[in-house]
Every structure is written in C-alpha cells, then in structure tokens.
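# Residue-level structure breakdown
Next come the chains, spelled out residue by residue.
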Amino acid sequence: MYSTTQTFTTMKKNNITLGEFIIDKQTEFQYSSGELSKLINSIRLAAKVVNYEVNKAGLVDILGASDNINIQGEQQQKLDVYANEVFMQALINREIVCGIASEEDDHYITIKGKNNDHNNKYVVLMDPLDGSSNIDVNVSVGTIFSIYRRISPEGTPVQEIDFLQKGSQQVAAGYVVYGTSTMLVYTTGHGVNGFTLNPAIGTFYLSHPNMEYPKDGTIYSINEGNYIHFPQGVKDYLKYCQKEEGDRPYTSRYIGSLVSDFHRNMIKGGIYIYPTSTKAPKGKLRLLYEANPMAFLAEQAKGAATDGYQRILDIQPTALHQRVPFFCGSKNMVAKAGEFMKLYPQDSSY
Ligand code: P6P
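The rules behind the values
- Residues numbered from 1 in each chain as written.
- Predicted model: local features only at pLDDT ≥ 70, side-chain atom pairs only at ≥ 80, totals over all residues.
- Heavy atoms only, no water.
- Helix = DSSP H or I, 4+ residues; strand = E, 2+ residues; numbered from the N terminus.
- Buried < 20%, exposed > 50% of the residue type's maximum accessible area, 1.4 Å probe, protein only.
- Axes fitted to C-alpha atoms, helices over the stretch in contact; angles between N-to-C directions.
- Parallel < 35°, antiparallel > 145°, perpendicular 65-115°, else oblique.
- Contact = heavy atoms within 4.5 Å.
- Nonpolar A, V, L, I, M, F, W, Y, C, P; charged D, E, K, R; others polar.
- Pairing = 2+ DSSP bridges.
- Near = heavy atom within 4 Å.
- Polar contact = N/O pair within 3.5 Å; in protein donor to acceptor, adjacent residues only side chain to side chain.
- Areas by Shrake-Rupley, 256 points an atom, 1.4 Å probe, with all protein chains shown as cover.
- 1 Å grid on protein atoms, 1.4 Å probe; cavity = no way out; pocket = protein on both sides within 12 Å on 5 of 7 lines; lining within 4 Å.
- Sits in = over half its atoms within 2 Å of the grid points.

Along its length, the protein chain carries 9 helices and 15 strands. Considering the protein chain as a whole, with its 350 residues, one finds that 53% of them fall into the buried category.

What follows is the structure, encoded as structure tokens:
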C-alpha cells in the first residue's frame, strides 16, 4: 500500500501538464524562453476551443459545407472556417506573431504588435482543420501548425519571404488530433512529445513522452483508389509490400486524415504516401503547412520524410500554397520506397 507521500510523488511524476512541461523545457528553446510559452499556450487554448466544437459538431447546425470555396478549390466546411478564426484570434491576442498563413486564406495576414508596430518575431503557418471532409462522418480530423522566426527586418511589415523558408528553418511544429481522445503533439527541435486532453478539467497531460517511429513497420497508408494514376515507382513499392515473403505481407491502413494516419504510424510504425499522379501532378499535400511541419515531427521522432527523392525539409518553397509529393514514416520504409522511386526519372514538374 502506498503512503500518501509516495502516492502523491508517483502521481506528480506521471501527470505533468502541458503548461508545466513548457516551463520545464523553456531553457531548451534557443530564443527568448517566454516566447515559446506564449506560442504554444495560444495553440493550446485554441485547440481546446476547437475541440469543444468538433466534439459536438453532430449536434448543432455547424456541420456541412459553408457556401465558401477556399483557394484550394475545396468546399469549405463550416468547422474549417470556425477553426481558422479561433486559431487566428488566439495567435493575434498573444501579440507574438507578425504574420499568419492559413490553408483557408488566399494570402498571409500581417499582424501588428502591441504598440501598433511590426516588432513581433514569429510567423505561423497552419492548416486549421485538416481532413475536414471527414467531419460529417465522424472521422478524426486535425490541426497542423508550423512556426518560424521572421527573416525580414524587425520593425517592418512581414513579407512573403518570412513564410517561404525551408522546412529545416522551423523553430517549432505540431498537430492537434481530435480523435477518440484529443491530443496535442509538438516539437521545438528537441524530440516529440504528446499531450492528451482531460476534457473534464480542460487540461492537457503528458501522455506520450519522447515519441519515436519504430525504424520499420508493416503499415502503408495510401489511397489505392488512385493506383492506376500513380508513378511506376509507387506501384512497384506497393507490389513489394503486398508480396508474400517472410513475415510480410503488410497491412493497408488509410483514414483519409493525414494527422490520424501520421499519428498511428508514428506509434505503430508505418509509411504514409501521397504521391504525384495523373490526377494530382504536383501531389495533393501543401508543402508549407502540411508536409513541412509533419516532416519536422517525423525527423524529430527518428523517422523520415521525402518527396520520393529528396528530404522535404530541404525543399526551397516558391509559393504559399504549393503542393508536394509526400512519403513519411519509419526510416527504413521511406528508404525502401525511395529505392523504387529512383529507378525512374523524377518528375520535376511540381
Ligand atoms: P484523398 C485531407 O483533405 C488531406 O489533405 C489529408 O488529410 C488526407 O490524408 C488526404 O487529403 C486525403 O486525400 O485524395 O485520399 O481523399
């Protein structure tokens, strides 16, 4: 039987809140410690607000498509619009970002500091509600965010170059997955940690410290409905996975929600592929606010992320909403897929 002191000590060790974790880890953040806290805390708050709406979406008239079409040409779901507004407001209120780019907005927005100046140091890029087409069928969706320090002169308005930095320049990135439980998973370049929301008290607890991809796995996540449109290297890799050898064959698992497929594969081992195809000649995922943040997380979790040929984080962006082919997961699986891809000339059209 534990004594009261022992029980409390045990509980304390296993119940670190996100707020406590941020404070504990502030010294690791290479820039001003308070700024990391503000950034992650604003995302934490917005995640709780969006979580509340996502969880009751089926009960109120917030389901279904709004009458807007976003720059992707996709029908905006009402929750997309709502989530975009919540995250925007949370970031603006903390007076720490000088600009925000979102999948839901055609252009980035410029944000002034508390003295109506342009001294804020960070830019945030986000997909406020990825996989939102799944909302009406009660499948997990997610928020993805990517954080950089500005590179244009402080005191001047944010510029497009601040958003078009290589993924290797990210200072933090993460996602919120609104699933059977709601989790916030993020990195500041010192590993990946996952926090699970206790909805009863609205507190995120460290539930998955130091998340790491298994080096190998047997799960592949791809929309095989597009098989005939895939590059030959992808077709060859899929046939390799399906061939009966040793302890294979692999398992196909595809939720249609990047954050959910990524999260499962990071825990169990696996690879997610969204390649180019005749239907999507540049791929589907957006480099800046989907591929780059997930690639940062993947590499910090000892996994890998490429476009089939090169490291995602090395790609020099040229446009806010550019798309990129995406191979992401267990290091050995991404390498094996790359072996098949390099047998064929890279389609450099994207
Ligand atoms: P498809 C959601 O729209 C998304 O961007 C990812 O979350 C998901 O993995 C992918 O697209 C699904 O695309 O073409 O297979 O329906």
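Having seen it, we continue.
Helix-helix packing is described using two parameters, namely the angle between the two axes and the distance between the axes. Two elements in contact, helix 7 (residues 258-268) and helix 8 (residues 287-300), have axes whose closest approach is 12 Å; the angle formed by their N-to-C orientations is 10 degrees. By the criterion of interaxial angle, the relationship of helix 7 to helix 8 is roughly parallel. Contacts between helix 7 and helix 8 involve Leu258, Val259 and Phe262 from the former and Glu290, Met294, Leu297 and Ala298 from the latter. Per-class residue counts for the contact of helix 7 with helix 8 are 6 nonpolar, no polar and 1 charged.

Attention now moves to the sheet that holds strand 9 (residues 193-198). Strand order across the open sheet formed by 8 strands is 4-3-5-6-7-8-9-10, with mixed pairing between neighbours. Sheet topology places strand 4 (109-110) and strand 10 (203-208) at the edges, where each strand pairs with a single neighbour. Alignment of strand 5 (residues 122-130) against strand 6 (residues 141-149), held across 7 bridges, turns out to be antiparallel. Paired with Met126 across the strands is Phe145, a residue of strand 6. Packed onto the sheet, helix 2 (residues 18-25) meets strand 8 (182-187), strand 9 and strand 10 and runs at close to 5 degrees relative to strand 8. Where helix 7 meets the sheet, it contacts strand 5, strand 6, strand 7 (172-178), strand 8 and strand 10, and its direction lies at approximately 105 degrees from that of strand 7.

We now examine the site of the ligand. Asp130, Tyr254, Leu258, Tyr272 and Tyr274 are the nearest of the 13 residues found near the ligand. Side-chain polar atom of Tyr254 to an oxygen atom of the ligand: 2.6 Å apart, as the coordinates give it. In the environment of the ligand, an oxygen atom lies 3.0 Å from a nitrogen or oxygen atom belonging to the side chain of Lys284. Burial of the ligand by the protein amounts to 81% of the accessible area it has alone, namely 400 Å². Of the pockets mapped on this structure, the ligand occupies the largest pocket. Here the residues of the shell around the ligand sort into 5 nonpolar, 4 polar and 4 charged.

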